[in-house]
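# Chain and residue survey
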Amino acid sequence: MDFEKSFFETPSSARLTGIWSWLLTTDHKRIGLMYLFATGFWFLLAVLLGGLLRLELMFPGQTLLSSHLYNSIFTLHGVIMIFLFIIPALPAVFGNFFLPMQIGTDDVFFPKLNLMSWYLYMLGGVIAIFSLFSDGFPDTGWTFYVPFSISTNTNVSTAVFAAFVLGFASMLTGLNFITTIHRMRHPKMGWLQIPLFTWSLYATSWVQLLATPIISVTLVLVMVERYFNVGLFDPARGGGPILYQHLFWMYSHPAVYIMILPGMGVISEIIPVFARKSIFGYKAIVASSMAIAVAGSLVWAHHMYTSGMSDTAVFVFSFLTFVVAIPSAIKVFSWVATLYKGAIEMTPPLFLSLCFIYLFSVGGLTGLVLGGAGTDIHVHDTHFVVSHFHFTMFGGTGFAFFAALHYWWPKMFGRMYNFKWAYIASVLVTGGFIFHYVPMFILGLQGMPRRYYDYLPQYANGNFMAGFGGLFMIVGIFMMMTNLILSLKRERNAPADPWGGVTLEWMTPSPPPLHNFTGEPEVLDYPYDFSKVIEKFARKPKES
Amino acid sequence: MSSHADESGKKMGMWLFLYTEIILFGGLFVLYAVYFSRYTSDFIEGGKGLSLIFGVVNTIILLISSFAVAAAITAIQRGQKKIVLSAIAGCLGCGAIFLVNKYFEWGHKIALGIYPNSDRLLDGPDGLNMFFGLYYIITGLHGLHIVIGMTFLAVSFGFVLVGRVTAKRFALLENAGLYWHLVDLIWIFIFPLFYLVV
Amino acid sequence: MENKDHIFAYKTLFYVLLVLLILTSITVGISLVDMGKLNVWLALGIASVKASLVLMVFMHLKFEGRVLIISFLSTIFFLAIMIGFTFWDIGFR
């Protein structure tokens, strides 16, 4: 029993005690867990806000929220989910915790900068909350489109400043990860021996680094416009409002790959472990991660087909959008091919990963409907779009987050959770999800616009269905979280490698010691070589 | 496994940060490119309205300051502490002169009634409003970077003075220098875009 | 990977400064001659040469490893994409 020596018991600066051993720590594992609690809080808050929105929409007319409140709440839901949950969730929580472990080192390259990123993240959250109570949260939607974001009386400046600070946190995390991967890999680990989750974080970090500054400067411009009224986006003064959209999506489209790439990395870790089979096309997955990072930066204007930009641009960006679909599809095929003829062990993380593949594929394929310029004009700014991006962001990244939680929970806390409740919750979330979002596809095709608190009578059935599904989904999410939290009461007895993983984080006790490894970790020639695991794990993984 | 001695890793982190700065200004250059192509003749007129002398003097000052920083790096590698300190001090002086020049330049423009949301710009052609809007935003952001760079250099100055930056460990000074060069690099592009469009 | 110990002589640095100052006067001189659109490209061209000198010599990029050189070029590439692709819209409206 060597759990007394885990990182929970050894503060990273030995003189720190109590709460300070967390708040001033430079241990990447503790910082990862602090991110976990913060992102978890924001996620559940934004889930409840989303629930409120659907509750309002369940019945026609004004039932629960006034139109004004509705506008502020959907903005708040979007801002929290995007800037405070999806973007930091996988890189900042699991990246922080597992990236150094997967490459066989003891911390990130800039540990203090890492802590500072966490504080920037928290500061951004606090500023966002603060803007709620000053002049009311913005009612612009998370996109802060001009001219409304400049003319509205709500507190846009504070909210965009919050997003600016959060962008900084995300950028610095990316910077830290790239340097860590370059400079601190285990000496025996070559580039093509890096686990796929770390590879996906590497690609993500580059996007974070090179795309985030664009949103920073754009948000600064929104503030400048509000305070100094230069008129850069005001057509009456010579500005072009569409240029704001260009700048905004130059970041925000690459940002959707910041959101999904680490999710794909998680799935690429989980699938081979439970198929007990080497990942199909390791190099293809690595290459497609990098290809997504590059190609994802070339397609921003496909959010703007109806904005009034030139037809040439519509044509070019539509074409490029279809190109981006290819690397994503390569990954889906690789996962499915990995499962083919594998010795599959069903566990909650695998179950959630399978749900991910299905939901993400639906999200990706409906994305092609939106990427095609002709079809997009019919469904632009309708509930079809809402459903599409929830399928990719929630069905994709959200489910990858759940899967990662279930996969790495025993490693992070040293405790196994109850499988039965995990399955029940996962089924509820997935089933609820489908009932929640599929009606929105239909509503969108019928023409129901997004961002309205009321609708015409013909949309009543679909909205009722969606609200009903949403209820199951929310119950499922809380059940899943409760199950995980209850596991903390259990005895800390998870084995070092409960699943049969072969990446380096499984070669050390659960939870890991302060310096991650008890001895020198052994780097495999190929990161997904399961031959030894198959001998060792002739039996099912144990719950407790 | 310890990272603390990895000086070139720290430098890499700084370079990555410089990329973000390049893209930050890049967003503004996107706007410049678009508005320049739309209002070429107004931009040329606006460029004539800026003082070429101020622009040239500030360019020379920044180039010299960049040289001073580069010399400081050579000096620290050779262990010539006095030269390091005087080079950094010279660079800080250049930065200060740059800011003073900027102050007079802006002050002059504002006195002429050319500033964001001024009546003169609102009544004038749209293109001029865009030109001076971008002028204030880009040079303002650049000025802010000068201040940050000077702070960074001043901190390194202190560290050299007390001997925490030495010939063996000078990543901090080197990074401050890199940041300063970047500020110069951006000015190298700002200068022709605003002062030489005639 | 990279030559950490490379030291530039003061003389080299000073010559580079001289070249930079000469290029500055050339670009100012050119700007006084009206050549239409060509002025813009010449000014940007000279600025790029000056920038390269600062990067290569003052910032020691010449002696950094491949990683920094490739990533720097990628950054410039992305900047070019951002400006260039916007003109798919602006140039054809």
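Shown above is the structure to which this text applies.
Residues numbered from 1 in each chain as written. Chains lettered and ligands numbered in written order. Predicted model: local features only at pLDDT ≥ 70, side-chain atom pairs only at ≥ 80, totals over all residues.

Summing up its helical and strand segments, chain A has 16 helices and zero strands in all. A globule of 544 residues ought to have a C-alpha radius of gyration of about 24 Å, and chain A, at 23 Å, matches this closely. Across its three principal axes, chain A shows a C-alpha extent of roughly 70 × 45 × 45 Å. Counting across all 544 residues of chain A, residues that qualify as buried make up 59%. Taking all contacts inside chain A whose residues are at least 6 apart in sequence as the whole, residues at least 24 apart take part in 83%. (Helix = DSSP H or I, 4+ residues; strand = E, 2+ residues; numbered from the N terminus. Rg over C-alpha atoms; globule rule 2.2 N^0.38 Å. Buried ≥ 20, exposed ≤ 12 C-beta atoms within 10 Å, placed from the backbone. Contact = placed C-beta atoms within 7 Å.)

Counting its secondary structure elements, chain C contains three helices and zero strands. Secondary structure elements of chain C, listed N to C terminal, follow the sequence α-α-α. The globule rule puts the C-alpha radius of gyration for 93 residues at 12 Å, and the 17 Å found for chain C is more than 25% above it. C-alpha atoms of chain C, sized along the principal axes, occupy 55 × 35 × 10 Å. Going through the 93 residues of chain C one by one, you find that 29% of them count as buried.

So, on to helix H2 (residues 40-49) of chain B. All names here are of chain B. For H2, the full list of buried residues reads Asp42, Phe43, Gly46 and Gly47. One side of H2 holds all its buried residues, which, seen down the axis, span an arc of 140°. Those residues of H2 that are exposed and angled more than 90 degrees off the buried face are Ser41 and Lys48. Where H2 is buried, its residues touch helix H1 (7-38), helix H6 (126-161) and helix H7 (171-195). (Arc of directions from axis to C-beta.)

Residues and elements named next belong to chain A. Where helix H11 (residues 348-371) meets helix H14 (residues 419-446), the axes come as close as 10 Å, and the angle between the chain directions of the two elements is 10°. In terms of orientation, H11 and H14 fall into the roughly parallel class. Of the residues in H14, those in contact with Pro348, Phe351, Leu352, Cys355, Leu359 and Thr366 of H11 are Phe419, Ala422, Tyr423, Ser426, Thr430, Phe433 and Phe441. Considering only residue class, the contact of H11 with H14 consists of 10 nonpolar, three polar and no charged. (Axes fitted to C-alpha atoms, helices over the stretch in contact; angles between N-to-C directions. Parallel < 35°, antiparallel > 145°, perpendicular 65-115°, else oblique. Nonpolar A, V, L, I, M, F, W, Y, C, P; charged D, E, K, R; others polar.)

The next point concerns the packing of H7(B) against helix H2 (residues 37-58) of chain C. Between H7(B) and H2(C), the shortest axis-to-axis distance is 9 Å and the interhelical angle comes to 170°. In this view, H7(B) runs roughly antiparallel relative to H2(C), as classed from their interaxial angle. For the pair H7(B) and H2(C), the contacting residues are His181(B), Asp184(B), Leu185(B), Ile188(B), Phe189(B) and Pro192(B) in the first and Ala43(C), Leu44(C), Ala47(C), Lys50(C), Ala51(C), Val54(C) and Phe58(C) in the second. In the contact of H7(B) with H2(C), the residues fall into 10 nonpolar, one polar and two charged.

So, about the nonpolar core. Most often, soluble globular proteins keep nonpolar side chains buried together rather than apart. In this structure, Ala403(A), Ala404(A), Ala72(B) and Leu134(B) are the most contacted members of the largest nonpolar core, which totals 268 residues. For this core, the element with the highest residue contribution is helix H8 (residues 241-275) of chain A, accounting for 23 residues. With near-sequence residues (within four places) excluded, Ala403(A) lies in contact with Val266(A), Ile267(A), Ile270(A), Pro349(A), Leu352(A), Ser353(A) and Phe356(A). (Core = buried A, V, L, I, M, F, W, Y, C linked by C-beta atoms within 7 Å.)

Here we come to the interface of chain B and chain A. Contacts between the two partners involve 27 residues from chain B, matched on the other side by 31 residues from chain A. Ranked by the residues each element gives to the side of chain B that touches chain A, the list is headed by H1(B), at 14 residues.

Turning to the interface of chain C and chain B, a few remarks are in order. The extent of an interface is frequently quoted as the accessible surface area lost upon association of the parts. Facing 29 residues of chain C, the contacting portion of chain B comprises 33 residues. Elements with a minimum of two residues in the side of chain C that touches chain B: helix H1 (10-31), H2 and helix H3 (66-90) of chain C. If one sorts the elements of the side of chain C that touches chain B by residue count, H1(C) sits on top with nine residues. Of the residues contributing to the side of chain C that touches chain B, the split by class is 20 nonpolar, six polar and three charged.

Here Val146(A) and Pro147(A) are connected by a cis peptide whose omega angle stands at 0°. Here Pro147(A) is to be found in the loop between helix H4 (111-134) and helix H5 (148-151). Following Ser510(A), the chain continues to Pro511(A) via a peptide bond in cis, the omega torsion being -15°. Secondary-structure assignment places Pro511(A) in the loop between helix H15 (460-486) and helix H16 (531-536). Here Asp381(A), not a glycine, exhibits a phi torsion of approximately 55°, which is positive. Along the polypeptide, Asp381(A) turns up in the loop between helix H12 (373-379) and helix H13 (383-413). Residue classification places Asp381(A) among the partly exposed residues on the basis of 13 C-beta atoms within 10 Å. If you check the backbone angles, His60(C) has positive phi at about 60° while not being a glycine.

Okay, the environment of Val286(A) next. Structurally, Val286(A) can be placed in helix H9 (residues 282-295). Taking the C-alpha atoms as reference points, Val286(A) and Ile194(A), 92 residues apart in sequence, are found 9.5 Å from one another.

Let's shift gears to the environment of Ile485(A). Of note, Ile485(A) is situated in helix H15. Here the alpha-carbon distance between Ile485(A) and Val108(A), two residues 377 residues apart in the chain, equals 27 Å.

The next subject is H13(A). Think of an α-helix as 3.6 residues a turn; residues three or four steps apart then line up on the same face. Most pronounced at Tyr407(A), the bend in H13(A) amounts to some 45°, and the proline Pro410(A) follows within four residues. Burial runs high along H13(A): 30 of the 31 residues are buried. (Bend = angle between axes of the 7 residues up to and from the residue.)

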